[in-house]
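Single-letter residue listing:
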Amino acid sequence: NYDKYYNKIKNAVNSTKGIVITYNNKYINAYFHACSGGKTEDVSAIWGKQNIPYLKSVESKGEEGYKNYTSKVKLTVSSLQTKLNKSSTTKCSINKDADEIVEILSYTQSGRVNKVKIGGGIYKAEELRTLLGLRSTNFTVNKEGDTVIFNVKGNGHGVGMSQVGADYYAKQGYSFVEIIKHYYTGVDVTKIYVEGETQENEI
C-alpha cells in the first residue's frame, strides 16, 4: 500500500501549500494528541504557567471506537512505591493495607485528574502519567488485593487536536478548516503564499 498512502500524503501537503494557522497574526503552537477521551484539555492544566487562548478544552466526539480509548495499568503496591521513589523527587511510603492507596485530590475543568496523594506524597497527574506509563491523566483508581489498578480513558496529554476526533469529524463531512477551528479556539486559517502570491486570504 506504499503508493496509495504516499499519494494521499503528497496530495494533502500540496493541497494545503501556503496555508497557515494563526492567532492574533502569530503562528500557533499546534499541539495534538492521539485521543482525548471525549474532551480536550486546557493547556494551563497540563503545563501550568502557560495560558494560551486558543488551547482551551473542547468536546471531541466519535472517539469511542478507537482501540486505545480505554486502557489499564496494574501495579503491585511495592512496584508502585519503587517506581515513584526511583523517578520522582517526591518520596512516598505506602501502607499496603490501606483501603485507599491513591487518593485523587482534585480534577481539572475537563474532568481529568489534577493532583493525587500517594503514601504522603502529592503528585501532579501529568507527572504520574510519565512515571507510571499511563496513556492519559483521565483515570480512576481501584485496589484489588495487593494490586492498584489505573483505569485510563484517552491517549496522550489531551491538549490541542485529537487525531481520532479529527478523523471522526472528517468522516462526518467537516472540512479541514472547520476541524482546525473546532480544536483551536479563535484561530484564523490563512493562505499566505502560493506560487508568487503574497496577499493573505482567509480560507
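Up top is the structure these notes are about.
Remember, predicted model here, so these are calculated numbers, not experimental data.

A. Representation of the packing of aromatic side chains within the structure. Under the defined criterion, the tally for this structure stands at 7 aromatic pairs. Taken together, a centroid distance of 5.6 Å and an interplanar angle of 50° make the contact between Y23 and Y54 tilted. Of this pair, Y23 sits in strand β1 (residues 19–23) while Y54 sits in the loop between α2 (43–47) and β4 (70–76); the two residues are 31 residues apart in sequence, bridging distant segments of the chain. Residue Y23 is classed as partly exposed on the basis of its relative accessible area, which comes to 23%. Note on Y54: relative accessible area 7%, which makes it buried. Judged by centre distance (6.0 Å) and plane angle (65°), the rings of Y169 and Y183 are edge-to-face. With Y169 in helix α5 (residues 163–171) and Y183 in helix α6 (residues 176–183), the pair connects residues that are 14 residues apart, well separated along the chain. For the residue pair Y169 and Y183, the accessibility class agrees, reading buried in each case. A connected cluster of aromatic rings, assembled from ring pairs, spans Y168, Y169, Y174 and Y183.

B. Quick look at the sheet that holds strand β8 (residues 139–144). Sheet architecture is open: 3 strands sit in the order β4-β9-β8, paired in antiparallel fashion. Looking at which strands have only one partner, the edges of the open sheet turn out to be β4 and β8. Pairwise comparison of adjacent strand axes, ignoring direction, gives a mean angle of 20° for this sheet. Relative to strand β9 (residues 147–153), β4 is paired through 7 bridges, and the arrangement is antiparallel.

C. Here's a closer look at helix α3 (residues 77–87). When we look at burial in α3, the residues that qualify are V77, L80 and L84. For α3, the angular spread of the buried residues around the axis is 65°, confining them to a single face. Considering only its buried residues, α3 is in contact with β4, β5 (102–107), β6 (113–118), β7 (121–124), α4 (125–132) and β9.

D. Representation of the sheet that holds β6. Judged by pairing direction, the sheet is antiparallel, and its 3 strands sit side by side in the order β5-β6-β7 without closing on themselves. If you trace the sheet from one side to the other, it starts and ends with β5 and β7, each paired once. Mean inter-strand twist for the sheet, computed between neighbouring axes without regard to direction, equals 25°. Of the pairings in the sheet, the one linking β5 to β6 comprises 5 bridges and is antiparallel in character. Looking at the pairing, I104 lines up with V116 of β6. In the packing of α4 onto the sheet, the strands contacted are β6 and β7, and the crossing angle to β7 comes to about 90°.

Cut-offs and rules
- Residues numbered from 1 in each chain as written.
- Predicted model: local features only at pLDDT ≥ 70, side-chain atom pairs only at ≥ 80, totals over all residues.
- Heavy atoms only, no water.
- Phe/Tyr/Trp six-rings, centres within 6.5 Å; stacked < 30°, edge-to-face > 60°.
- Helix = DSSP H or I, 4+ residues; strand = E, 2+ residues; numbered from the N terminus.
- Buried < 20%, exposed > 50% of the residue type's maximum accessible area, 1.4 Å probe, protein only.
- Pairing = 2+ DSSP bridges.
- Axes fitted to C-alpha atoms, helices over the stretch in contact; angles between N-to-C directions.
- Arc of directions from axis to C-beta.
- Contact = heavy atoms within 4.5 Å.

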